[in-house]
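What the coordinates show
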Amino acid sequence: MKTCLVVDDSRVIRKVARRILENLQFEVLEAADGQEALDACKAAMPNAVLLDWNMPVMDGITFLKHLRKEQGGKDPIVVFCTTENDLSHITEALTEGASEYIMKPFDGDILEAKFQEVGLI
Amino acid sequence: MTPEDIEHLAALLKARSGLILGADKTYLIESRLAPIARKEGFANVAGLLTSLRTRRDEKIIHAVVDAMTTNETFFFRDKTPFDQFKSDVLPVFAKSRVSGDIKVWCAACSTGQEPYSLAMMMDEARAQYPRMNLDITATDISERCLEKAQAGLYTQFEVQRGLPITMMVKNFEKVDEMWRISPKMRQAVKFRKMNLLDDLRGLGRLDVIYCRNVLIYFDLETKKRVLEQMATMLADDGYLFLGAAETVLGITDAFKPLSGMRGMYVKNMAANASLRPSMPLRAAGAA
Ligand SMILES: C[S@@+](CC[C@H](N)C(=O)[O-])C[C@H]1O[C@@H](n2cnc3c(N)ncnc32)[C@H](O)[C@@H]1O
């Protein structure tokens, strides 16, 4: 079973994402900010990270930069999932090594399609 | 809505667009036609339907036929037909079409995602096939859809369905809360209104036909006539693409499936030799 770390400061969003991902046969872990996510990754690298941008403590893009410097940190497939929907944010995310980008609001179809696109399912 | 109203509507739709209105479509009729009823000043949909029988106002008839079409589509729908084009069709035509020009027709393009997907796919393949050019004509019966297709403006939801993010970044710009496809892609597709029941031969010789997710709305006879007319327009070494749930089997032998290639068909030369040039389903000049 593949693991997906859901990183979002909103409990509601984490719950929604969890439900969708569990239906897609993922084992789901949660983190409420970039620092928590980084700690979780250091403990065990997930196969995928679903990543919000704006969060307290450490935002998504800072997390991604740190993650890629960790041992094994190039492995997880990172998919942003955020309300930031302008081209400059999207381009920055791709430059830092995100594979896909979901603009909120999203639904199960979009998440599934994007995960398919990057070969996670 | 009286049964007579519905019967008359069903006959009208079948004659005008080939659409077979299944049984018990009251809800569909209600939801699709309510906006027109309101706009044209009828008290309700029943009022609109009655007037269709008594007044025969062409403008309203057109609006009703358009509104009853199902326009569901998305970028790179089903993925395989676009992968197949790149990996199986392009290499063949790279050898056989010295001019480099390939004529493609999207026969029911809805709001444009299908032809634009082909244009973007070709753009990606350009490095590999520098001399190839897709000449894409995309048609539909729905003016409403064609307007949107031509504008190339999509919602955030639409650009996230099936479109890889790198392609979105490369080919779209953000306009307020919408996303507009680039002028380069818009120039790569010619949109035009066309009813599949009419004489289609004005399009000339075609190398590839995409006719996806539209035959499902027609009855067997209409499917057959449309497909057989397409066979007369397609180059002998051309390809026909149908939707994932569609087939030619049991409908016509003008085409045969390509084994191992889901959704792809080629002309059945033996059957085509005996095929008489098919006539359009509707009399020329009819609205
Ligand atoms: C479900 S969409 C398919 C769009 C696209 N080919 C795809 O597969 O995603 C069906 C389209 O067929 C069009 N259509 C229905 N009857 C037609 C007719 N008689 N002539 C031309 N187009 C027709 C509708 O307007 C609609 O946009």
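Residues numbered from 1 in each chain as written. Chains lettered and ligands numbered in written order. Predicted model: local features only at pLDDT ≥ 70, side-chain atom pairs only at ≥ 80, totals over all residues. Heavy atoms only, no water.

Take the domain arrangement of chain B next. Residue and element names in this part refer to chain B. Each assigned domain of chain B is listed here: domain 1 (3–68) and domain 2 (80–272). Spacing between the C-alpha centres of domain 1 and domain 2 amounts to 30 Å. Each partner contributes residues to the interface: domain 1 has 11 residues there, and domain 2 has 10 residues. Our enumeration of links across domain 1 and domain 2 arrives at 2 salt bridges. (Domains from an automatic or database assignment. Contact = heavy atoms within 4.5 Å. Salt bridge = Lys/Arg side-chain N within 4 Å of Asp/Glu carboxyl O.)

Let us now look at the sheet that holds strand β4 (residues 172–175) of chain B. All names here are of chain B. Pairing is antiparallel in the open sheet, where 3 strands are placed in the order β3-β5-β4. Edge positions in the sheet fall to β3 (153–155) and β4, since each has one partner strand and no second. Put simply, the sheet's adjacent strands are angled 35° from each other on average, direction ignored. As judged from the 4 bridges shared by β4 and strand β5 (residues 178–181), these two strands associate in the antiparallel manner. (Pairing = 2+ DSSP bridges. Helix = DSSP H or I, 4+ residues; strand = E, 2+ residues; numbered from the N terminus. Axes fitted to C-alpha atoms, helices over the stretch in contact; angles between N-to-C directions.)

With an omega of 0°, the peptide bond running from A:Lys104 to A:Pro105 counts as cis. You will see that A:Gln25, though not glycine, has its phi angle at about 70°, which is positive. Along the chain, the position of A:Gln25 falls in the loop between α1 (11–23) and β2 (26–31). The backbone of B:Lys79 sits at a positive phi, close to 60°, despite the residue not being glycine. Along the polypeptide, B:Lys79 turns up in the loop between α4 (58–67) and α5 (80–96).

All names here are of chain B. In the vicinity of the ligand, 21 residues are found, and the nearest of them are Thr73, Arg77, Ala108, Asp140 and Asn213. Asn71 places a side-chain nitrogen or oxygen 3.0 Å from an oxygen atom of the ligand. In the environment of the ligand, a nitrogen atom lies 3.0 Å from a nitrogen or oxygen atom belonging to the side chain of Asn195. Relative to its unbound accessible surface of 610 Å², the ligand loses 98% to contact with the protein. A class-by-class count of the residues in the shell around the ligand yields 7 nonpolar, 9 polar and 5 charged. (Near = heavy atom within 4 Å. Polar contact = N/O pair within 3.5 Å; in protein donor to acceptor, adjacent residues only side chain to side chain. Areas by Shrake-Rupley, 256 points an atom, 1.4 Å probe, with all protein chains shown as cover. Nonpolar A, V, L, I, M, F, W, Y, C, P; charged D, E, K, R; others polar.)

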